[in-house]
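Each chain, written out:
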Amino acid sequence: MPKPSASKAAAETGKTRRFISGVVEGFYGRPWTMEQRTELFQREQKWGLNTYLYAPKDDYKHRMYWRDLYSPEEAEKLVALITAAKKNGVDFIYAISPGLDITFSNPKEVATLKRKLDQVSGFGCSSFSLLFDDIETEMCPADKQAFSSFAHAQVAVTNEVFKHLGQPDTFLFCPTDYCAAFCTPNVSQSAYLHTVGENLLPGIDVLWTGPKVVSHHITVESIVEVSSVLKRAPVIWDNIHANDYDPQRIFMGPYKDRPTDLIPKLRGVLTNPNCEYYPNFVAIHTLATWCRSEGGRVGGQRDVEMTGDDDEAGSDPCYSPKRALTLALTDWLQEFLSTDQPGGPRPLNPTHLKKESSDEEPMQTDVGDPVYVPGSGDNPLFTAEPLTLDDLQLLSELFYLPYEHGSTARTMLTELDWLKAHREAVGEAETEMTAEWRSRAKCFDVMCVAVFTMFNRLSNAPNRSILYDLYNYICDIKSGVTLARAYVKQLGGQSRPSAQVMTDDPEPWGFRGGLSGEFQRMLPCHGNRDLFRHPPMTSVYSIRPFCPEDKTEIQKIHMEMQRGEAKAPAAALPALISDGLAGGQLSPSPNCGLVLEDERGVCGYALGLTDATAAALNNQRALPGDFPSLVTMQLHPRVTDPAPARRMIGSLLSLMKTSGSRGVFCELRQGDRRMFDFYSKLGSFTTLKMAGLPQDVVAMGTSL
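About the thresholds
- For every chain, the first residue of the written sequence is number 1, and numbering continues from 1 along that sequence.
- It should be noted that, the model being predicted, local features are given only for residues of pLDDT at least 70 and side-chain atom pairs only at 80 or more, the latter also being counted only at that level, while totals for whole chains, interfaces and linings use all residues.
- Side-chain calculation: all heavy atoms of the structure are included, whereas hydrogens and water are not.
- For the purposes of this entry, the term helix denotes a DSSP run of H or I that reaches at least four residues, the term strand denotes a run of E that reaches at least two, and both are numbered from the N terminus.
- Residue-level accessible areas treat just the shown protein chains as cover; the underlying method is Shrake-Rupley with a 1.4 Å probe.
- Within this scheme, the nonpolar core is defined by two criteria: the residues are buried Ala, Val, Leu, Ile, Met, Phe, Trp, Tyr or Cys, and they are joined through side-chain atoms within 4.5 Å.
- Think of it in three bands: residues with accessible area under 20% of the maximum for their type are buried, residues over 50% are exposed, and the middle band is partly exposed, with areas taken using a 1.4 Å probe on protein chains only.
- Note that domain bounds follow an automatic or database assignment of domains.
- Every residue pair with non-hydrogen atoms within 4.5 Å of one another is taken to be in contact.
- Patch definition: residues with relative accessible area over 30% and no salt bridge; like charges joined within 9 Å; nonpolar side chains (Val, Leu, Ile, Met, Phe, Trp, Tyr) joined within 5 Å.
- Each reported salt bridge corresponds to a side-chain nitrogen of Lys or Arg within 4 Å of a carboxyl oxygen of Asp or Glu.

Draft legend 1. Just the overall build of the protein, in detail. A count of helical and extended segments in the protein gives 21 helices and 15 strands. When the accessible surface of the protein is summed, it comes to about 34700 Å², and 54% of that surface belongs to carbon and sulfur atoms.

Shown next, in the form of structure tokens:
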């Protein structure tokens, strides 16, 4: 018997559903403990977040063995967790991932799924999620007979389960194509997403990670686009702080590159953060600040004024990542300085020692011994200085975000690069360059010492639980900084050549290795995704099929290159047949258009007409007999590598040949020396005689 519909009741009363905000435990790896989750609920309540999505991949009965019911012991833990969430005003969403091996068309499978969710409902859970992420898209034979597409199969089962559960007010669906990068050919033309949007019941919300799995930016325009296709505002599953894909990285920078203008366009935001629980303080705290910030613009009350002094260009008037980070680190510092366990770390200053009962510390034999006082020539006693806000600021900047280093990390990399590049300045003769080198080397050394100081203070912080989550990372960065410091000192003649840096047979702790590192160094793209790009690394280019939405960007490149060619206004340039293709008046033949993209967007195009007869007549040309097809290609000036252009024109010529063309030609203005040289160096294009060509226009062609 279906349960009453909470979402229908809300709709009938005109009640606005609250904005979903909170945390996903959805990573691969060791799950958080029950104590950590309970603490998370308390933090969420304190910071104004309202949701926890339970989806740990390590819970076998969430994903791999989704058919199995929970044992009494497991049930007891889930009941306690759901109860703790309710106590703190947090909506506990139970997620299940049956997509690995479910047969959508088998009624027994669907019944098994309902039985499992009924069990969790009996634990007191009233919010649910079906996840179909990271699975194979090929349907089994039985499903192919029952459903016209994978999307139809998923939607049918999701709708049935949703209705079985009484259409709960919160029910999330994660599509297999959960980001723009997975959509074919793009978001607006994705058959999968259109099926979801048109057939998924209105009370079901859809999870979305943005342009990519780990999105650098999420824009209002991109959300408007996907909302139009899905026919509902998405809930962002944000992986900006996720680190389960790289055991060498952790992210403690602020929630950023998501304008608060997004908030009214979204159903909610959930962060899927670092695997390590305690370092997520910054990720969750700054997300909470971001979620609250928009309220100040629409009449709500903000906890803090976030406008004004942010040093980032194009800053959000309602939210400053820099100030949100400072707020988070200030609160986090108090947790570092609190003891997380009975006894805690002992103070290292011997004057603080006191006699304790023998049953508590049976092996302590030095209590009551005279306090050691160093002499004038002795080393001073090491004392543990307390951790400071500046230390945590440095920690965050060293472990910032997936797409950027913090300011101190960028400065250290820039200075090391400069010192290495100008090492010849350190000679016997003192020059201005020598003085600058030594000054910058001294500044670099100060930054290195700050890292060591932070490491020592962090290592002695009373809260050991936080330290243990961070220890591998801070040891690693300390090692790297130590090597860099030794290298700079060697360049400056302040020390002997370091065996750690210069030997061709270093110790294992002196370099970053492992099989993964070996593979990366063997691949041609190694290093081109480094965040530090000075000197510039080779850009990564992708070639994809042209779609109508590309017309605007292609026109921009076309007009910019025309302006570059012309000394006079663009109208004075001789007209080319291909101007119609690049300008959008003519459409390329089916499957005869390609677009070149880099990380900044469209940066080139190659378009073709298999039959250019009509276009030539309109321009008073006579086609060369063996070259009936037209091609045009152009690249943005920022593309300095000819390799992707060669790949793109080669791919286009293959497509033209497949479409039946026996030969292609192109027209070039003599002022466009860049493209003239490009075609000439290809080797296959030769100059053609073509009746009706304007002065200063050259035709080139190649047989297919």
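Draft legend 2. Spotlight on the nonpolar core. Core analysis: the largest hydrophobic core is formed by 122 residues, its most contacted members being Phe-92, Tyr-94, Trp-332 and Leu-395. Both domains that meet at this core, namely domain 1 (23-251) and domain 2 (389-522), each give it at least three residues. Not counting residues within four places of it along the chain, the set of residues in contact with Phe-92 comprises Phe-41, Tyr-52, Tyr-54, Leu-78, Leu-81, Ile-82, Ala-85, Cys-125 and Ser-127. Grouped together as the second largest cluster of nonpolar side chains are 26 residues, Ala-606, Met-633, Met-648 and Phe-685 included.

Draft legend 3. Geometry of the environment of Pro-211. For Pro-211, the position within the fold is in the loop between β6 (205-208) and α8 (220-230). By relative accessible area, which is 29% here, Pro-211 ends up partly exposed. Remark: the alpha-carbon pair of Pro-211 and Ala-181, spanning 30 residues in sequence, is separated by 6.0 Å. Ignoring any residue separated from it by four or fewer positions in sequence, one finds Pro-211 in contact with Cys-179, Ala-180, Ala-181, His-217 and Ile-218.

Draft legend 4. Seen up close, a nonpolar patch on the surface. Together, Tyr-60, Met-64, Tyr-65 and Leu-100 make up an exposed nonpolar region whose accessible area comes to about 430 Å². Turning to its location among the elements, Met-64 is positioned in the loop between β2 (51-54) and α3 (72-87). A relative accessible area of 46% places Met-64 in the partly exposed class.

Draft legend 5. Examining the pattern of salt bridges more closely. A full pass over the atoms with the stated rule returns 27 salt bridges. As a salt-bridge pair, Asp-205 and Arg-17 come within 3.3 Å of each other at their nearest N and O atoms. Placement of the pair is Asp-205 in strand β6 and Arg-17 in the loop between α1 (6-13) and β1 (20-25), with a sequence separation of 188 residues. With a relative accessible area of 2%, Asp-205 lands in the buried category.

So far we have only geometry, and geometry alone does not tell us how the molecule works.
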